[in-house]
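Read off the chains here:
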Amino acid sequence: MEDKAKTLQREFLKVFEKLEVVLGWEPGYDSLHASPSFIRQVEDLNKLVWNPLCSQNLCNYLVKTLNASVREDGKKIGICVKGCDSRSLVALIQEKFVTRETLYIVGIPCEGTVNWHRLMRFEPSLKDVQKVTIQGQELVVETAQKTYRFPLQHVMEQRCLHCRYPNPIIYDLLVGEPITPHAGDDQAYGDVEKIEQYSLPDRLKFWEKEIDRCIRCYACRNACPLCVCRDSCIVETRTPKWLAQRCDLKEKFFYHMIHAMHLAGRCTECGECERVCPVEIPVTLIKKKLNQIVKELLDYEAGIDPQKQPPLLTFDPSEKGI
Amino acid sequence: MYEKIFIAQGELAAMLERLSKEMDVWVPVEMGDEKWGVRFLPYYRDNVVVLDRQSTIGPKNVLFPQVETLLRFRYQKDSQDPSKQRIDLKDRQEVSSALVFGARPCDVRGFFTFDHVFLNGRYKDPYYAQCREKTLFATLLCDTEDSACFCSSVDSGPGDREGSDLWMVPVDDGYVIEALNDKGRKLIPIMGKPATPEQIEKAQRIQEQVTAKRIGEYDLTRSAKDFTGRFEDMDYWRDMVSRCISCGICTFVCPTCYCFNITDESRDLEGERIRSWDSCMFYHYTLEASGHNPRPEKFERYRNRVGHKFSYFPDTYNGMISCCGCGRCIRSCPVFIDIRKIVHHLKEAVDAEN
Amino acid sequence: MPKIDSNPFLPELATIQDIIQETSNILTFRVVLNDEQKMREFSFQPGQVGQLSVFGVGESTFVINSPPTRKDYLQFSVMRTGEVTQRLHQLNIGDQIGVRAPLGNGFPVDKLKAHDILFIAGGIGMAPLRTLLLYMLDNREDYGDIMLIYGARSPEDLCYTYEFDEWRSGGVRLVLTVDREFPGWKERVGFVPTVLTEEAPSSYNCKAVTCGPPIMIKFVLIGLKRLDFEDHQIITTLEKRMKCGIGICGRCNIGTKYVCVDGPVFSYEELRQMVPEI
């Protein structure tokens, strides 16, 4: 069975002259990390990798860095997407930020990505790592000294534990066999429901403790593929000034509430916001809660059907109870 | 010669209790249950102090809080003439003594940059000066380096005692602690009992072993000219920086980054002028009121960051690099941009051209 | 020079004594420090700037528009552009503001002595040049011929029109221009760089001091080069977003230089040695 990385390299080579750039992943600063790769020269294609370390959602670059709504010279943007990433891509197409025709999409069914923090809790002394793979329900880490096996559910990203879409739902080429999701529809909001079992005072205490750590780095906002206001974001405008620079809980809550509200019904639960948070706040939960409400009220989930229009961007006079 | 004491791991909590009666004690604690990251917080009983790994965010906010009040103002009507207004303006607050316990050499080194900028320029920053004066550092010898660390590449190292007031070496199931100056010496009697000659000898050996290690394969201390030469090579910067998402994490977790914003936060007739952490990676950092922005693209902003740390700062301050090699920017970056490679490749590209 | 012991972030309270409407969006403020002794002892160089505070809104940087030789008040000309200037424009005579001054470097008045001086200003760019111009008029024998080319979009956009006669009688050759024809306008018509080329002043023993919008500066520099002005003969004053004004907050840097401390006055020779990031 061919290594998927080699397949990716081979397939992109075939169409490279029609592409302006290929977005993929390459090895990061050490063998436990991967970084996004912008490949513009054909000889760099052999940098492409595929493994459980490929966490980043590359769709984040489509609007903000590459302005993917138009391509003047007819060349396309090649992009690798996992299941969760493909939902973001569909959402961008739904909102017309990206034109399908400008993309050459390579979908890769994904068994999960590793959360480095959680892995370190298990085994902080991992050194000389040579290979990281998923085998069944285990993460297998081969080092020069020995092979480690970790239960997948203890080292995967939170988003993967509730993943219902491991197989890309939009692609020009699928690399790999479709796989079974980790979670069924009934488990989609298990993490939200867990918090809702707390009493209201306990819930407030929980969120105060988490949000208090926020340092307003705005990484969660910048990592979100659907956050496309770029440099005009309301939390940073000076005229008028909505948010104080103060670092009290009130301002931090204000920021997170605004961000979640602006993503209500648009968030595709790719989990990047939570992954990038340097102080490990479970920010995806807030957006998932709003998504749950949208699902119940309007029977809609973002990023599934490219033809559907997000209900919060339109209105239907026949809607009741709003 | 200063006395060396030994404190067992199990007695650490009691020692921190004693110290916190004399001053504010800042210790590294876990971010939360089942979380990996570590940050510095004021000590209180029940804190679990984490000394076996580097903190995610260093103790920068002990001397340079994320939000600090510079002035307080209040508009008042002039009692002699109600049509006139008066402004009541206050600065200064009292600052208490503090001890930063369990920092690492890289954290302490970050403050050298601050000292140059905040204390030794044409103007002295009184807020920082006061805090600096009243804060001591009990620094831990570092033997927990990982693949992102590179302190040796920037003229420091895991056994670098410079800038600390007390030095801790992990020995047996505890620490041998030594005062490095008079300020530190005052705390020794509260901290523990004299160390045995065996413990002192062990500590000495560990110190030698660790000091001999080289953490970080490159030498990044002579990159100023290479940077200037590559300043206008936009292809290079685009190549290196395309993956950046222009958040503020690298600057916020960096022990040497000191850029700040000044804003007035008021309600009705009173308020405060505060300074708060800002980041050169934000678009708004240099955005002028006219709408012009000298660094509109993220490549330009990242180029300025590299330039500031490895070129402008050493050019201004006798070769001192404004980077302590802690690796936090690499570890915490959402896309793992590696500043070591970017600076190192400046050299290689110039060599290739030659 | 400010004392090192004092808090450089603490402004002096000042009262607005007078407000002059220069144009539809530029007001000139004349302020007096509340502390009479500090006002008496206040000293500065032409070209130095001050940070004006509207407490509750923020601070903004303006050149001290009056010369050190005329110290009944401190003058600042303010164009309404952002949140602080907007609020400043709403203030009245008698209102209180904060002043942190003097900051930055000034024009090199000693090096300019015994030279002919060519001032080239556009719009609000006249503000810093007025300081130097009046200083030179108050020390007239130290300087040679003085010429000012001052242009704006329209006659209504020219500042300090009420002083033009004083400048002329002080010995300044005044060339005024606006971008296009206006009824009743009898002076020159054309962009400032064009008028500069038409006037073709001699570069011999001359120093050019210019300030204005970036696009004007760009073409003025080209024009001056064509007239054989060398880099060290051209001086300008830069604008940047500033916060602390004392070289600490990091934001106003161009390479190793901080505009608030090493500038805002730079010669073109100095600018050429800095990284191209204006």
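The structure reproduced in this document is the subject of the present report. Since this is a predicted model, take the numbers as computed values, not measurements.

Criteria and cut-off values
Residues numbered from 1 in each chain as written. Chains lettered and ligands numbered in written order. Predicted model: local features only at pLDDT ≥ 70, side-chain atom pairs only at ≥ 80, totals over all residues. Helix = DSSP H or I, 4+ residues; strand = E, 2+ residues; numbered from the N terminus. Rg over C-alpha atoms; globule rule 2.2 N^0.38 Å. Buried ≥ 20, exposed ≤ 12 C-beta atoms within 10 Å, placed from the backbone. Contact = placed C-beta atoms within 7 Å. Pairing = 2+ DSSP bridges. Axes fitted to C-alpha atoms, helices over the stretch in contact; angles between N-to-C directions.

## Some thoughts on the overall build of chain C
Part 1 of the reasoning: Secondary structure assignment for chain C yields 7 helices and 15 strands.
Part 2 of the reasoning: Here the C-alpha radius of gyration of chain C, 18 Å, is about what a compact globule of 278 residues would show, namely 19 Å.
Part 3 of the reasoning: Over its C-alpha atoms, taken along the principal directions, chain C stretches across nearly 50 × 45 × 35 Å.
Part 4 of the reasoning: Residues classed as buried in chain C amount to 50% of the 278 residues present.
Part 5 of the reasoning: Put simply, of all contacts in chain C between residues at least 6 apart along the chain, 69% involve residues at least 24 apart.

## What about the overall build of chain B?
Part 1 of the reasoning: In terms of helices and strands, chain B carries 13 helices and 12 strands.
Part 2 of the reasoning: Relative to the 2.2 N^0.38 estimate, which gives 20 Å for 354 residues, the radius of gyration of chain B is 23 Å and therefore close to what a compact globule would have.
Part 3 of the reasoning: In terms of overall dimensions, chain B has a C-alpha envelope of 75 × 70 × 40 Å along the principal axes.
Part 4 of the reasoning: Here chain B holds 354 residues, and the buried ones make up 51% of them.

## Considering the sheet that holds strand 6 (residues 138-143) of chain A
Adjacent strands of a sheet form backbone hydrogen bonds with each other and so pair up, either parallel or antiparallel.
Residue and element names in this part refer to chain A.
Part 1 of the reasoning: Sheet architecture is open: 3 strands sit in the order 5-6-7, paired in antiparallel fashion. Of all the strands in the sheet, the pair left with one neighbour each is strand 5 (129-135) and strand 7 (147-151). Here the average twist between neighbouring strands, direction ignored, is 20°.
Part 2 of the reasoning: Here strand 5 runs beside strand 6; their pairing, made up of 6 bridges, is antiparallel. Bridge assignment links Val129 to a residue of strand 6, and that residue is Thr143.

## Remarks on the sheet that holds strand 11 (residues 260-267) of chain B
Residues and elements named next belong to chain B.
Part 1 of the reasoning: Strand order across the open sheet formed by 4 strands is 5-4-12-11, with antiparallel pairing between neighbours. Each edge of the open sheet is held by one strand with a lone partner, namely strand 5 (85-91) and strand 11. Neighbour-to-neighbour, the strand axes of this sheet turn through a mean angle of 20°, independent of strand direction.
Part 2 of the reasoning: Here strand 4 (residues 67-77) pairs with strand 5 via 7 bridges, running antiparallel. In the sheet register, Phe73 faces strand 5, and the bridge partner there is Leu89.

## Side note on the environment of Arg72 of chain B
Residue and element names in this part refer to chain B.
Part 1 of the reasoning: Examined against the element boundaries, Arg72 turns out to sit in strand 4.
Part 2 of the reasoning: C-beta crowding within 10 Å serves as the criterion here: with 17 such atoms nearby, Arg72 is assigned to the partly exposed category.
Part 3 of the reasoning: For Arg72 and Val241, which are 169 residues apart along the polypeptide, the C-alpha to C-alpha distance reads 41 Å.

## Section: the environment of Cys244 of chain C
Part 1 of the reasoning: Turning to its location among the elements, Cys244 of chain C is positioned in the loop between strand 12 (234-237) and strand 13 (253-254).
Part 2 of the reasoning: Under the C-beta neighbour-count criterion, Cys244 of chain C is labelled buried, with 27 such atoms within 10 Å.
Part 3 of the reasoning: Spatially, the C-alpha atoms of Cys244 of chain C and Ser60 of chain C are 9.8 Å apart, while their sequence positions differ by 184 residues.
Part 4 of the reasoning: Those residues in contact with Cys244 of chain C that sit more than four places away from it in its chain are Ile262 of chain B together with Cys249 of chain C.

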